[in-house]
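Here is what each chain is made of, one letter per residue.
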Amino acid sequence: MAEPFRHIVTLDGPAGVGKTTMAKRLAGALRIPYMDTGAMYRVCGMRLGEEATAMSDSDILQTLRAIHFSLDGSGEGTRLLVDDVPVGDEIRTERVGMLASTVGTLAPVRAYCREAQQGLGVATPLVAEGRDMGTVVFPKAAYKFFLEAAPEIRAQRRLDQLKEMGASDLPSLDDLAAQIAARDHQDRTRKEAPLKPAEDAILIDTGKLDVDGVFKRLMQAIVR
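- An unreviewed UniProt entry lists the protein under the name Cytidylate kinase, with Oceanidesulfovibrio marinus given as the organism.
- Quoted verbatim from the Sequence similarities (unreviewed entry) field of UniProt, the annotation for the protein is "Belongs to the cytidylate kinase family. Type 1 subfamily."
- On record in UniProt, under Subcellular location (unreviewed entry), the comment for the protein is "Cytoplasm".

Written out as structure tokens, the structure is:
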């Protein structure tokens, strides 16, 4: 399956390092769609709910195979569709984020999402952002990047994002940092596709660069 993925760019890394921002901007510059795999796992988490870890593999797959993912548009205008309906902000809560991280430890969930993501990658060139794009889903991608930043920096970014969204009852910075650290630990230590850079990925610390600086590093690696 390597040949269809020759036009794939992967951006991996933990939550809050700017993957979505960079994926949108990079996809816009390359005039291709971007694939928000975190959103796909959030959708799966919402569908499966709090009882996901108690469900049988067959029940999990039966639930997930009723979901049809597709992409519409390109660059910042890319929309993830579920059953032909655009995904909204209902998936962007901290609760849904933790559900996504939890179901992401389950083998049938990862198998389903990997199959869905590879299907999208066969259909179109794209920028894929997530946690195991370069290591598991698209190991033969043309370009692979791993973005990282200190938990404290990511917590402040998340707090700023929640404020911009007009969220009420904002968590404290310390609570957000603790949630991010817990999610990092769960993502990095899970048995199924743990979070780690691909051996041939380019590492970028987004805590030491502004948005333009990160984008410049990405483009320099791709356009030579």
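### A closer look at the sheet that holds strand β8 (residues 202-205)
- Read from one edge of the open sheet, five strands run β2-β6-β1-β7-β8, paired in parallel fashion. With one partner strand each, in any of the chains shown, β2 (34-36) and β8 form the two edges of the open sheet. In this sheet, adjacent strand axes meet at a mean angle of 20° when their direction is disregarded.
- Strand direction decides the pairing type here: strand β1 (residues 8-12) and strand β6 (residues 126-130), joined by five bridges, are parallel. Its bridge partner being in β6, I8 is matched across the sheet by L126.
- Against the sheet, helix α2 (residues 37-48) makes contact with β2 and β6, and its axis sits at roughly 35° relative to β2, the strand it touches most.

### Details of the UniProt feature "binding site: ATP" (unreviewed entry) in the protein
- Those places that UniProt annotates as "binding site: ATP" (unreviewed entry) correspond, in this numbering, to G13, P14, A15, G16, V17, G18, K19, T20 and T21.
- With respect to the helices and strands, the residue P14 is situated in the loop between β1 and α1 (19-30).
- As for its position among the elements, A15 is in the loop between β1 and α1.

### Digging into the nonpolar core
- Residues M35, L64, F69, V109, Y112 and F138 are the most contacted members of the largest nonpolar core, which totals 32 residues.
- If you list the elements that add at least two residues to this core, you get α2, α3 (57-64), β4 (79-82), α4 (94-103), α5 (107-123), β6 and α6 (133-137).
- The leading source of residues in this core is α2, at six residues.
- Looking at which domains feed residues into this core, each of domain 1 (1-32 + 126-219) and domain 2 (36-124) gives three or more.
- Once you skip the residues sitting within four places of it in the chain, F69 turns out to touch M40, V43, L80, L81, V82, Y112, A116 and L120.
- Within the second largest apolar cluster, 20 residues are counted, among which are V17, V127, F145 and A221.

### Brief notes about unusual backbone geometry
- One non-glycine residue, R31, lies in the positive phi region at around 60°.
- In this fold, R31 is placed in the loop between α1 and β2.
- Despite not being glycine, D84 shows a phi value in the positive range, around 70°.
- Mapped onto the fold, D84 is located in the loop between β4 and β5 (85-86).
- A relative accessible area of 60% places D84 in the exposed class.

### As for the pairing of strand β3 (residues 69-72)
- Relative to β4, β3 runs antiparallel, the two sharing four bridges. Note that in β4 the partner of L71 across the bridge is L80.
- Between β3 and β4, which pair antiparallel and follow one another directly, the connecting turn spans six residues, one of which, G73, has a positive phi of 90°.

### Digging into the pattern of salt bridges
- According to the stated counting rule, one finds 12 salt bridges in the structure shown.
- Among the salt bridges present, the one from R25 reaches D212, with a minimum N-O distance of 2.8 Å. Of the two residues, R25 is situated in helix α1 and D212 in helix α9 (residues 211-222); the sequence distance between them amounts to 187 residues.
- For D212, a relative accessible area of 46% puts it in the partly exposed group.
- When the shortest N-O distance is used, the salt bridge between R95 and E50 registers 3.3 Å. You can see R95 sitting in helix α4 and its partner E50 sitting in the loop between α2 and α3, a full 45 residues away along the chain.
- E50 sits in the exposed class, given a relative accessible area of 52%.

### A closer look at the sheet that holds β4
- Reading across from one edge, β3-β4-β5 is the order of the three strands in this open sheet, with antiparallel pairing throughout. Each of the sheet's edge strands pairs with one partner strand only, and the pair in question is β3 and β5.
- As defined by bridge partners, β4 adjoins β5 across two bridges and the pair is classed as antiparallel. Residue pairing for β5: V82 is matched across the bridge by V85.
- Of the strands in this sheet, β3 and β4 are in contact with α2, which crosses β4 at around 25°.

Analysis parameters
- All residue numbers refer to positions counted from 1 along the written sequence of the respective chain.
- Per-residue local features of the predicted model are confined to residues with pLDDT of at least 70, and side-chain atom pairs are confined, for both listing and counting, to 80 or more; whole-chain, interface and lining totals are unaffected and use all residues.
- Values shown for side chains rest on all heavy atoms present in the structure; no hydrogens or waters enter the calculation.
- UniProt positions are given in the numbering used here, feature names are shortened, and annotations may be inferred rather than shown by experiment.
- In short, DSSP must find at least two bridges between two strands for them to pair.
- Helix numbers and strand numbers start at the N terminus; a helix is a DSSP run of H or I with at least 4 residues, a strand a run of E with at least 2.
- What counts as an axis is a line fitted to C-alpha atoms, over the stretch in contact for a helix, and the angles between N-to-C directions run from 0 to 180 degrees.
- By definition in these notes, contact holds between two residues if any of their heavy atoms fall within 4.5 Å.
- Each nonpolar core is a collection of buried residues, namely Ala, Val, Leu, Ile, Met, Phe, Trp, Tyr and Cys, held together in the definition by side-chain atoms within 4.5 Å.
- Relative accessibility thresholds used throughout: buried, under 20% of the residue-type maximum; exposed, over 50%; partly exposed, between the two (1.4 Å probe, protein chains only).
- Domain ranges listed in this record stem from an automatic or a database domain assignment.
- Within this document, salt bridges are pairs made up of a side-chain nitrogen of Lys or Arg and a carboxyl oxygen of Asp or Glu, the two lying within 4 Å of each other.

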